Amino acid sequence: TMGANLLVRLLRGAAAIGGDQRAILAATGIDETALRNPLARLSSHLAMRFLSTLEQQFRDPSILLRVGEKASMQNFSDLGYATRLEANLAAVIQGNIAIQGLRQNMFRTELDLVAKPPCLVWHCHPDYVDTYAPFIELSVATYARLSRQILDERALLRVVEFRHRPRFTIEKYEAAFGCPVRFSMPQTRAEIAARQLFRPSPHADQTLLEAASARYQRAAEWMAEGKVHMVN
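Quick caveat, the model's predicted, so the values are computed rather than measured.

> What's the story with the environment of Ala-47 in this structure? I'm lost.
When you line up the elements, Ala-47 lands in helix 3 (residues 44–58). When its relative accessible area of 0% is taken as the criterion, Ala-47 is described as buried. Remark: the alpha-carbon pair of Ala-47 and Asn-5, spanning 42 residues in sequence, is separated by 12 Å. Those residues in contact with Ala-47 that sit more than four places away from it in its chain are Met-2 and Met-106.

Below, the structure written as structure tokens:
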């Protein structure tokens, strides 16, 4: 499933580049009121239909790479907003990975800081590698976007590799990620420059991070317990 909170972020990102939110929801068959509940979940089938609708509305199969760039955390209504207060980009990424299960459980991401260079790895069940390809591409773009949000600079990616086959021209992928992009590889991964990952973040604030984390704790517990509504 995908969390409604994540879908709202993607919808906001699509609107930022000219998408019609109501038309997208209508074409997907999603009731707008369902998105107002931060604990709501959508089936993987509906989530993939939503992404397909974005590609159709923009008439561009590469649009999800741009949506991933725009789908940033903007305020404290986002469960992951507090992660931007971490000490460096590596900690921000790890914070987002830690709450990934609350956002979606269609695939898993990990940050390997032991590898040289460090890399992000996406794990997906072999049966769904091609089915979830649009979502995984979007996820890679979203994580790459964090460097711009935290450090105000483009992600220093050495290479991006995907398990699935390219869905459009490789030149568009390489223009979006700013590095070589390969397909039909053993795993989906993105190598990131260590000097960018561990540079101190100008947004780091331990006091505010602790306060914000406490604010999210109850909602995170409710979501992990499978509750469908927030309670007092």
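> What am I meant to see in the side chain of Thr-28 here?
Here Thr-28 lies in helix 2 (residues 21–28). Note on Thr-28: relative accessible area 0%, which makes it buried. Discounting residues that sit within four places of it in the chain, Thr-28 has contacts with Leu-46, Arg-49, Phe-50 and Thr-53.

> Would you take a moment to explain the nonpolar core for this structure?
Where a protein is soluble and globular, its nonpolar side chains tend to be buried together. If you look at the biggest cluster of nonpolar residues, it comprises 74 residues, and the most contacted ones within it are Ile-93 and Phe-177. The element contributing the most residues to this core is helix 7 (residues 133–151), with 10 residues. Ignoring anything within four residues of it in the chain, the contact list for Ile-93 reads Leu-111, Leu-120, Tyr-143, Leu-146, Ile-192 and Leu-197.

> What's the story with the state of the cysteines in this structure? I'm lost.
Such a bond, covalent and formed between the sulfur atoms of two cysteines, is termed a disulfide. Applying the stated criterion to the full structure yields zero disulfides. Note on Cys-119: no disulfide assigned, nearest cysteine sulfur contributed by Cys-179 at a separation of 13 Å. This cysteine, Cys-124, is not joined by any disulfide, and Cys-119 carries the nearest cysteine sulfur, 17 Å off.

> Sorry if this is basic, but what is going on with helix 10 (residues 206–224) here?
The periodicity of an α-helix, 3.6 residues per turn, causes residues three or four positions apart to be oriented the same way. When the local axis directions of helix 10 are compared, the greatest deviation, roughly 35°, occurs at Gln-217. All buried positions along helix 10 are accounted for by Leu-209, Ala-212, Tyr-216, Ala-219, Ala-220, Trp-222 and Met-223. Summarising the contacts, the buried residues of helix 10 are in contact with strand 2 (41–42) and helix 6 (100–103). The N-capping residue of helix 10, defined by a side-chain oxygen 3.3 Å from the backbone nitrogen of Thr-207, is Asp-205. Gly-226 occupies a position one or two residues after helix 10 and carries a positive phi of about 85°.

> Explain helix 5 (residues 89–98) to me, please; I cannot follow it from the model alone.
Within helix 5, eight of the 10 residues are buried, which leaves it mostly tucked inside the rest of the structure. When we look at burial in helix 5, the residues that qualify are Leu-89, Ala-90, Ala-91, Val-92, Ile-93, Gly-95, Asn-96 and Ile-97. Tucked into the core, helix 5 has its buried residues touching helix 6, strand 3 (108–112), strand 4 (119–123), helix 7, strand 7 (188–192) and helix 9 (194–197). With a side-chain oxygen lying 3.2 Å from the backbone nitrogen of Ala-90, the N-terminal cap of helix 5 falls on Asn-88.

Calculation criteria
- Residues numbered from 1 in each chain as written.
- Predicted model: local features only at pLDDT ≥ 70, side-chain atom pairs only at ≥ 80, totals over all residues.
- Heavy atoms only, no water.
- Helix = DSSP H or I, 4+ residues; strand = E, 2+ residues; numbered from the N terminus.
- Buried < 20%, exposed > 50% of the residue type's maximum accessible area, 1.4 Å probe, protein only.
- Contact = heavy atoms within 4.5 Å.
- Core = buried A, V, L, I, M, F, W, Y, C linked by side-chain atoms within 4.5 Å.
- Disulfide = S-S within 2.5 Å.
- Bend = angle between axes of the 7 residues up to and from the residue.
- Polar contact = N/O pair within 3.5 Å; in protein donor to acceptor, adjacent residues only side chain to side chain.

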